[in-house]
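Single-letter residue listing:
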Amino acid sequence: MDFLGQKEVHQDQSGILRETNNSNKRYMFLLGINYMLLFVGSISSSLLSKFYYNHKGDSRWVSTWVQSAGFPLLLLPIYLPFYVFKSTHRKPFTRFTPKILVISILIGLLLGLNNLLFSWGNSYLPVSTNSLVLSSQLVFTLITSVIIVKQKITYANLNCVILLTLSSVLLALGSNHDRPKGLTRTKYFIGFFSTIGAGLLFSLYLPLMEKIYKNVYCYSMVVEMQMVMELAATVLATLGMIIDGGFSAIKKEGKNVFDLGEKAYWLTVVFNVVTWQVCFMGTAGMVFLTSSLTGGVCMTALMAVNVLGGVIVYGDNFGGFKVVSTLLCVWGFSSYLYGLHMKIEDEEQKNEDSTEIDEQQFVL
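In this text the structure is predicted, and so the values were computed from the model without any measurement.

Can you help me understand the overall build of the protein chain in this one?
Of regular secondary structure, the protein chain possesses 13 helices and zero strands. When the helices and strands of the protein chain are placed in sequence order, the string is α-α-α-α-α-α-α-α-α-α-α-α-α. Per-residue burial over the protein chain gives 49% buried out of 364 residues. When the accessible surface of the protein chain is split by element, carbon and sulfur atoms take 67% of a total near 18100 Å².

What is the right way to read the pattern of salt bridges from this model?
Opposite charge on two side chains permits pairing when their charged atoms draw close. As enumerated under the stated definition, the model contains one salt bridge in all. Note that R90 and E224 form a salt bridge whose closest N and O atoms lie 2.8 Å from each other. Of this pair, R90 sits in the loop between α3 (75–83) and α4 (98–124) while E224 sits in helix α9 (residues 219–243), and the two are 134 residues apart along the sequence. A single burial state applies to R90 and to E224, both of which are buried.

Is there a simple way to explain a negative patch on the surface in this structure?
Residues E345, D346, E347, E348 and E352 make up a contiguous surface patch of negative charge. Looking at where E347 falls in the secondary structure, it is placed in helix α13 (residues 320–363). Classification of E347 by relative accessible area gives partly exposed; the value is 41%.

What exactly am I supposed to notice about helix α10 (residues 246–257) here?
Since the α-helix packs 3.6 residues into each turn, any two residues three or four apart lie on the same face. Between its first and last C-alpha, α10 extends only 14 Å over 12 residues, short of the 16 Å set by a 1.5 Å rise per residue. Along α10, the residues classified as buried are G246, I250, E253 and G254. The arc enclosing the buried residues of α10, seen along the axis, measures out at 90 degrees, which places them on a common side. In α10, the exposed residues that point more than 90 degrees away from the buried face are K251, K252, K255 and N256.

What's the story with the nonpolar core in this structure? I'm lost.
Grouped burial of nonpolar side chains is what soluble globular proteins tend to show. Counting 53 residues, the largest nonpolar core has Y205, M209, Y213 and M225 as the members making the most contacts within it. Looking at this core, the elements with two or more residues in it are α1 (13–54), α2 (60–66), α4, α8 (185–213), α9, α11 (262–289) and α12 (292–314). In this structure, Y213 is in contact with V222, M225, Q226, M229, A284, V287 and F288, ignoring residues within four places of it in sequence.

What's the story with the packing of aromatic side chains in this structure? I'm lost.
Aromatic rings in a pair are described by how distant their centres are and how their planes are angled relative to each other. On inspection of all chains with the given rule, the structure shows 20 aromatic pairs. Aromatic pair Y79 and Y83: ring centres 6.0 Å apart, planes at 25 degrees, arrangement stacked. Of this pair, Y79 and Y83 both sit in helix α3, four residues apart, roughly one helical turn. By relative accessible area, Y79 is classed as partly exposed at 33%. Where F82 meets Y83, the ring centres are 4.8 Å apart and the plane angle is 85 degrees; that geometry is what we call edge-to-face. Classification of F82 as partly exposed rests on a relative accessible area of 22%. Aromatic rings pair up to connect F51, Y52, Y53, F258, Y265 and W266 into one cluster. Geometry around W120 places R60 over its ring, the cationic atom sitting 4.4 Å from the centre.

The rules we used
- Residues numbered from 1 in each chain as written.
- Predicted model: local features only at pLDDT ≥ 70, side-chain atom pairs only at ≥ 80, totals over all residues.
- Heavy atoms only, no water.
- Helix = DSSP H or I, 4+ residues; strand = E, 2+ residues; numbered from the N terminus.
- Buried < 20%, exposed > 50% of the residue type's maximum accessible area, 1.4 Å probe, protein only.
- Areas by Shrake-Rupley, 256 points an atom, 1.4 Å probe, with all protein chains shown as cover.
- Salt bridge = Lys/Arg side-chain N within 4 Å of Asp/Glu carboxyl O.
- Patch = residues over 30% accessible without salt bridge, like charges linked within 9 Å, V, L, I, M, F, W, Y side chains within 5 Å.
- Lys, Arg positive; Asp, Glu negative; His and termini not counted.
- Charge placed at Lys NZ, Arg CZ, Asp CG, Glu CD.
- Expected span 1.5 Å × (residues − 1).
- Arc of directions from axis to C-beta.
- Core = buried A, V, L, I, M, F, W, Y, C linked by side-chain atoms within 4.5 Å.
- Contact = heavy atoms within 4.5 Å.
- Phe/Tyr/Trp six-rings, centres within 6.5 Å; stacked < 30°, edge-to-face > 60°.
- Lys NZ or Arg CZ within 6 Å of the ring centre and 35° of its normal.

And the structure:
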């Protein structure tokens, strides 16, 4: 793969082992970068989105638009490696076929709808509640992964699904004690089910991308596809803003509505744009480098951090239901992580056994 760099082929067994070790180091380095992007992007975008609403920002189309409008930022990792750093021989958008373009646009529109549902949920729910409800997307991701990419169901997978389902049920049962002041029961549940809908759509997005990425031969193409998808999602949000009068409202909102002033308003919008792009790029990279289910699990692991962030930054309520729900969420993730660890150990043992056999045959 291109992201692993050019590899020199050696004829001796030790050379092949060195090549494999170098490739593994580069792979783990890239994996770490993408998880860091997901970590920073997920937490900061969630808190900034709530910051926007807490200070009287009320346009859900603006909140939807900022989630994808940062797509021009991806032009930097697309063009700089080839034209400036000369670190790759692949020219941008090489082998980017019309089929890949159409698929990227269609999935981008799906992503745009997901962004809108997330904005509705985030506008009504506290950050902690919103994050815990979104954790249920892992349940849907497991189901769609089984259907779309033939993901095997293991004890760790199933245990994780059951625990996260119980977590969401407990959260729903305790909803009456968690509504912000002035928010009606109807609007609260609109936010709750909008967030569930966002989780459903995102759980469809993850395995679809995993299936598509199987035909993608390098990480650079993943970035290019992500840019096209974000562009399509931005077009959808822009059309919604035009129809709803969002562009004229955004100027009035910055000058007259946002209670921290116009400068703070535009800084909030800009940082939202950047952090959302970082989050989505990290997600795409995790799916490409691992799997849709592992990507979903990593996102779920960050939910507990988002919950704590909402409690620390905004003083969200953290009563008994949320405590138990968070513990179940952590327990479910830990179960999956342990199962993944055991699977990796088994694979490493098989590889070691295979290498020993190859070395014996080489000596003979």
